[in-house]
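# Tertiary structure, described
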Amino acid sequence: MKKILVILLLLILLINSVFAANQVFSSKRAQLLDGENAGAITLVKEQNYASQVGGIRTIEILDRPSLAIGEKDYPVTVGDVYSLTYTLSGVSIVLPLQVTHSGTIRVPNVGDFSTLNKSFIELKNEIEQEVTSSYPFSNPTLTLTKTGVFTVFVSGEVYSSRRVEAWGLTRLSDMIGYATNMASTRNVIVKNSDGETSYDLYKALKEGDSSSDPVLKSGDTVIFTERERLITIGGSVMIPGSYQLEEGEELRALINRYAGGFSKNADSSKIILKRFENGQYNEIIIDNIDHINLLDGDIVFISAIQSELYSVSIEGALLNDQKSTSVSGSASTSYYFRFATGDTVRDLVEAMNPYFISESDLAGASLIRKGEIIPISFADVLYGNDKMGNLALESGDRFIIPFSQLIVNVIGAVNKSGVYGFVPGKTASYYITLAGGYSIDAKGQNDFTIRDKYGNKIKASEVVPAEAVIEVERDNFVHNLQPTVAVIGIVSSVLAIVTSTLAIVAPSIYR
């Protein structure tokens, strides 16, 4: 029995040492599916006001008159400028007309026309008919040349009460950027001389009820009332988010009407309700979605059925935050990445992005799967340009990120061929100079080739990248002649020595 305990202790120590040396990360899906979903509810955050209704529209309108003419319901707006053109006795008449606060518009020699509660199309038809009646065969045309601008007042649960510029097609939903997170999406009031009307922006923007998103008019005041109940739901539902419930709606409505129902991996028997009470958050396990009263600020988490998790390793040129904030030399760092079924290479790359360093050769990364080496450009995956990003992860995958070496290799017809430090922005001439310049057997000043680390040829005039190879071409005739010249020089030196020796020795011989 003691031996078994000792073996188990050794195994635990071995596992701890492995994970101490290799840091572990998990995908978002793995975090949600991990174990019994412990702590996963902390990932569920309350959405801001704009996100609750689908976000802020950011379309920039450059040509308002053209857009207004294309909208059959564009209202006649104070400040609009029109151009009335017609022919009288062969002479073309052009009259500029402007809408004022008086509620009427005057056409000289024709009459006054009411502009109240009329669309531009209605006013256009009315004026053109009256001009035709007064001047037969005059072919009148009324066009909109400039749209009017006015202000509406925004108040209530907003960052600050203010006047906001608007025009004839500005709708209530265009005001959501001024509301705080405490504002109601279900009861937004528009107040004007006709009274007060309440509108539901959730129905307008999430359920498509256009009647709940009216066009604003000059003199309108928009009042964002305080919200009643905002509930946030996350986990295994189809549309997680923050929702403001109507009176009488509770957990079943939150799940089915707003969150789109349970997802396939949902554990409907295990729902966690997080509620702030007595100065702290408490978690309550719910096993029945009926008869649960929800309060403002509640967070609901739908647990997932416990799923099996897998892991892959990633190693090489990565930040090692256990030791320092930089990688020196060629020290390699390794991590384990836990994932769930459905996670892809893109999920891995995005999760590890903060740990890539300047020396990481992201374009030269590779995947080792079942003995096969598969090139993957992590750089392209990050920018969404590589379909390999959609490759599903498999247990046992091993990802390698090589170090990008900041060197340039100069070879061939130079005086000091070798490896030189990479300097960004430099061309080949810089590195050839470092290599002592062209040697005597160089073919010519511009006869060299540059290839990047992948073997691709680079133009001679372009900037040289790191790990490139510059090869200066040799003149084969000069190159081959050099050994011959050297041999001739040696022979000549030997003959000179022999001749000198004979000149000294010869007189003594003949004495």
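The structure under discussion appears in the preceding block.
Before going into details, it helps to say that this report is about the structure given with it. As the structure is a prediction and not an experimental result, all values here were calculated from the model. (Residues numbered from 1 in each chain as written. Predicted model: local features only at pLDDT ≥ 70, side-chain atom pairs only at ≥ 80, totals over all residues. Heavy atoms only, no water.)

Attention shifts here to the overall build of the protein chain. If you tally the helices and strands in the protein chain, you get eleven helices and 26 strands. Burial status across the protein chain gives 38% buried among its 511 residues. Sequence separation of 24 or more characterises 60% of the internal contacts of the protein chain that already satisfy a separation of 6 or more. About 29,100 Å² of surface is accessible on the protein chain, with carbon and sulfur atoms providing 54% of the total. (Helix = DSSP H or I, 4+ residues; strand = E, 2+ residues; numbered from the N terminus. Buried < 20%, exposed > 50% of the residue type's maximum accessible area, 1.4 Å probe, protein only. Contact = heavy atoms within 4.5 Å. Areas by Shrake-Rupley, 256 points an atom, 1.4 Å probe, with all protein chains shown as cover.)

Judged by which residues are buried, strand 21 (residues 398-401) turns out to be one-sided: F399 and I401 face inward and are buried, whereas R398 and I400, on the alternate face, are not. With four bridges joining them, strand 17 (residues 310-316) and strand 21 adopt parallel strand pairing. If you follow E315 over to strand 21, its bridge partner there is I400. Relative to strand 21, strand 19 (residues 366-369) runs antiparallel, the two being bridged by three bridges. Residue pairing across strands places L367 opposite F399, the latter belonging to strand 21. (Pairing = 2+ DSSP bridges.)

This part covers the nonpolar core. In summary, soluble globular proteins display a tendency toward joint burial of nonpolar side chains. Counting 25 residues, the largest nonpolar core has I314, F356, I376, F378, F399 and I401 as its most contacted members. Secondary-structure elements contributing two or more residues to this core are strand 17, strand 18 (333-339), helix 8 (345-352), helix 9 (378-382) and strand 21. Discounting residues that sit within four places of it in the chain, I314 has contacts with T333, S334, Y335, M352, F378, F399 and I401. Within the second largest apolar cluster, 22 residues are counted, among which are I105, F120, Y135 and L142. (Core = buried A, V, L, I, M, F, W, Y, C linked by side-chain atoms within 4.5 Å.)

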